[in-house]
Amino acid sequence: MAFFSRPQSSAAIRIVNPNTTQDDSKQVPTRKDSVQRQCRNVAIYGSCKYQDKGCVYSHPSSSEEPRFETRSDSPAIGSPLTARAVNAPVFVPKSSSAANIAGPASPPPLTARSSLTSPSPPSPSPQPAYQDFPADDSYEYHYNGEMMNSMGEFYDDQQYDVPYYPGTTDVFIREPLNYHLYTTTIPPAFLHHTDSHFIPSSSELRQILQMQSEIVHSGPPPGLGLPEELQGYHTLLPLEAGGPERRKFGSWYSTVYRAINSTDGVPYALRRIENYRLMHQAAFNPIEAWSRIRHPNIVSIIEAFTTRAFNDSSLVVAYAYHPGAKTLYDTHFKTQTTTFNRALQAVQPQPISERTLWSYIIQIASAIRRVHEAGMAVRMIDISKIIVTGKNRLRIGSCGIFDVLVYDTPQDVHMQQLEDLTMFGRLLMALCCINPSAYAGGHFQKSLEMIARQYSADVKNAAIFLISKNNPHRNITHFFEIINSRVIAEMDDALHATDYLEGELMGELENARLVRLLCKFGFINERPEFARDPRWSETGDRYLIKLFRDYVFHQMDEHGNPVTNLAHVLTCLNKLDAGSEEKVMLVARDEQSCLVVSYREIKSCVDAAFK
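Throughout, residues of each chain are indexed from 1 in the direction in which the sequence is written. This being a predicted model, a pLDDT of at least 70 is required before a residue's local features are given, and a value of 80 or more before pairs of side-chain atoms are given or counted; all residues contribute to the totals for chains, interfaces and linings. The side-chain values count all of the structure's non-hydrogen atoms but skip hydrogen atoms and water molecules.

Colleague: Help me understand the overall build of the chain, please; the structure alone is not making it clear to me.
Modeller: Broken down by element type, the chain carries 17 helices and 14 strands. Residue exposure (1.4 Å probe, protein chains only): buried if accessible area is under 20% of the type maximum, exposed if over 50%, otherwise partly exposed. Across the 611 residues of the chain, 31% fall into the buried class. Within the chain, counting contacts between residues at least 6 apart in sequence, those at least 24 apart form 63% of the total. Per element, the accessible surface of the chain, about 39,500 Å² overall, is 54% carbon and sulfur. Each helix corresponds to a stretch of at least 4 residues labelled H or I by DSSP, and each strand to a stretch of at least 2 residues labelled E; elements are numbered beginning at the N terminus. We call two residues in contact when some of their heavy atoms are within 4.5 Å. Per-residue accessibility takes into account occlusion by the displayed protein chains alone, with areas from the Shrake-Rupley method and a 1.4 Å probe.

Okay, structure coming up:
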């Protein structure tokens, strides 16, 4: 078998008799100590502290030029170099120009012991010019404080440019994650070809989840000037554009941040209302009522508080955070840009399909119905406040803020609920026409004609019912009676999405079993504290486990290359966990013995050794 083939070459050393007939000219002459040989301490440190204490080597005076004796076994200049000399590493300092690297004024190489003494350095001998490496050379040399002090004795700051120390930076930019390294593209033959209205394909779903996880763990860039701590929240990151592009919340400017709660470590979305002064503590009562509403199409409210951390009096409302979410405006109304032939091109928004439009209508209507049943009004049905959190999934955000801002104003809940329906009708016309001002001014009649041309009559009737002011008794319940036939299709898609997610979860269900097996292998194999204990030596059951680990992870092919077959690993681990009766042959590392055992026996050995 290819997995157990003997290596091409043996590691054994062949013992042969020495050849006494070798040419004497090829023999390396033996070295003999001589008093005429120069002391190496003088060549390295400039002086020898054993000069007058019995050192038998030559010590030239400081006025004489130090001579460096050439070894007889060293290659002469111009002679061909040996393989060992060619592969020897060369220290090449990074510099802005090659002139600072080579030249007659090049300083001698520094050593770690040069800081022990402070004699005058010997004049350097001429050295060959170093090879000029590219500027992006990855070799870096780091020196300690003593070596830097000794550098001052040899380098002149005005003559040499030594860019070894660019300075430590406190800001570390995190590189973006390559999601394809974590989840490879699944072949189309293995995909379940079923169109899902709410769930993307398997490969897209994995990539989206990885992207959302990366967004959650991303940090804010430096220099934002945001407070470090805000009523138990930290690591603030703006989610909307600042400056003149800030969106208004009524007559107040508002900004959305992502922040981490110090108590539970979960990220939340904080909407800040600037320059708001709270006059009554009872204004937070609507927030408590909104916090009790839990609906799949409403962004949940966590809490609200006021703060002066932004150098003003601000109202901050904390919501549940949905990473990667976009508003309806950014998804369907904003002009997108794409790159084509190295040039940016504007892509106009495309019309929304009728199936997606009905899904939006039903989800928003379901959220409105839940709020109206609680005796409140949404008051925030706008394309800039409704977010898209997934494939065709909508959630109404920024709820409850208007109730706090206009708490002192007398409120009629019934009129506010009718206003919700009117705002819903305007939003529907804007989605049909891809125009935020489709309802305003003289565009109303043209918008109805466009809706009649592009969509069915049910869409037009739904829009007219919502924006009609002649029927004061209209409510969200009557609206569901008009669109009841469309709700059934939406329910079917939701149930199909549930089945799809259960199938995806079933594919990931077995991962925990394999992780437990790998952890057991790590606990059992080659424990250092039991290395000399005969009861834990690699004999018996534990030796069998070691051979099985080599069989699974350390196989070699016929060319001596490691086998990295993930399918082989998963197959073996699954058979081991199931305790299959299938037998496998385990070969020792020295290939002198082999064992034929079943997976059931190996599983018993693993359980016994782990316990």
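Alright, that's what it looks like, and here's the rest.
Colleague: Whenever I open this one, the pattern of salt bridges confuses me. Can you help?
Modeller: As a working rule, side chains carrying opposite charge can pair if their charged atoms are close by. Here, a salt bridge means any Lys or Arg side-chain nitrogen found within 4 Å of an Asp or Glu carboxyl oxygen. Taken as a whole and judged by the stated rule, the model has 14 salt bridges. Note that R271 and E240 form a salt bridge whose closest N and O atoms lie 3.5 Å from each other. Of this pair, R271 sits in strand β5 (residues 267-273) while E240 sits in the loop between β2 (233-238) and β3 (248-249), and the two are 31 residues apart along the sequence. In this structure, E490 and R355 form a salt bridge, with 3.0 Å as the shortest nitrogen-oxygen distance. Of the two residues, E490 sits in helix α13 (residues 484-508) while R355 sits in helix α7 (residues 354-373), which places them 135 residues apart along the sequence. With relative accessibility at 29%, the residue R355 sits in the partly exposed group.

Colleague: Please clarify how the side chain of T389 should be interpreted in this entry.
Modeller: Take T389: it is sitting in strand β11 (residues 386-390). Any N or O atom pair separated by 3.5 Å or less is treated as a polar contact, with the protein-specific requirement of one donor-capable and one acceptor-capable atom, and with residues adjacent in sequence counted only for side-chain atom pairs. At a separation of 3.2 Å, a polar atom in the side chain of T389 contacts the side chain of R395. Residues within four places of T389 in sequence aside, it is in contact with Q212, H322, A325 and R395.

Colleague: Got a minute to help me understand the packing of helix α10 (residues 443-454) against helix α11 (residues 457-467) in this structure?
Modeller: Between two packed helices, both the angle of their axes relative to each other and the distance between the axes serve to describe the pair. Lines fitted to C-alpha atoms define the axes, with helix axes restricted to the stretch in contact, and inter-axis angles between N-to-C directions lie between 0 and 180 degrees. In contact at an axis separation of 9 Å, α10 and α11 are set at 150° when each is read in the N-to-C sense. Taken together, the axis directions place α10 and α11 in an arrangement best described as roughly antiparallel. Between α10, through F444, L448, I451 and A452, and α11, the contact on the second element is made entirely by V459, K460, I464 and I467. Residue type decides the class: Asp, Glu, Lys and Arg count as charged, Ala, Val, Leu, Ile, Met, Phe, Trp, Tyr, Cys and Pro as nonpolar, and the leftover types, Gly among them, as polar. Considering only residue class, the contact of α10 with α11 consists of seven nonpolar, no polar and one charged. Working definition: roughly parallel below 35 degrees, roughly antiparallel above 145 degrees, roughly perpendicular at 65 to 115 degrees, and oblique for all remaining angles.

Colleague: Please explain the pairing of strand β14 (residues 594-598) as it appears in this structure.
Modeller: Within a regular strand, side chains alternate between the sheet's two faces. The pairing of strand β13 (residues 583-587) with β14 spans five bridges and is classified as antiparallel. Within β14, the residue paired with M585 across the bridge is V596. If you look at the hairpin formed by β13 and β14, you'll find six residues sitting between the two strands, and E591 has a positive phi there, around 60°. The rule for pairing is simple: two strands pair if DSSP sees at least two bridges between them.

Colleague: Would you mind showing me how to read the packing of aromatic side chains here?
Modeller: Centre distance within 6.5 Å is the pairing criterion for rings of Phe, Tyr and Trp, where only the six-membered ring of Trp is used; planes under 30 degrees apart are then read as stacked, over 60 as edge-to-face, and the remainder as tilted. A full pass over the atoms with the stated rule returns eleven aromatic pairs. Between F465 and F479 the ring centres are 6.1 Å apart and the planes differ by 20°, which places this aromatic pair in the stacked class. Taken as a pair, F465 in helix α11 and F479 in helix α12 (residues 476-482) lie far apart in primary sequence, 14 residues in all. We classify F465 as buried; its relative accessible area is 16%. What links up through ring pairs into an aromatic cluster is the set F521, F548, Y551 and Y599. Working rule: Lys NZ or Arg CZ, within 6 Å of ring centre, within 35 degrees of ring normal, means a charge sits over the ring. For the cation-ring pair, R272 lies above F310, with the distance from its terminal atom to the ring centre recorded as 4.0 Å. Across from the ring centre of F480, 5.3 Å away, lies the NZ or CZ of R369, which sits over that ring.

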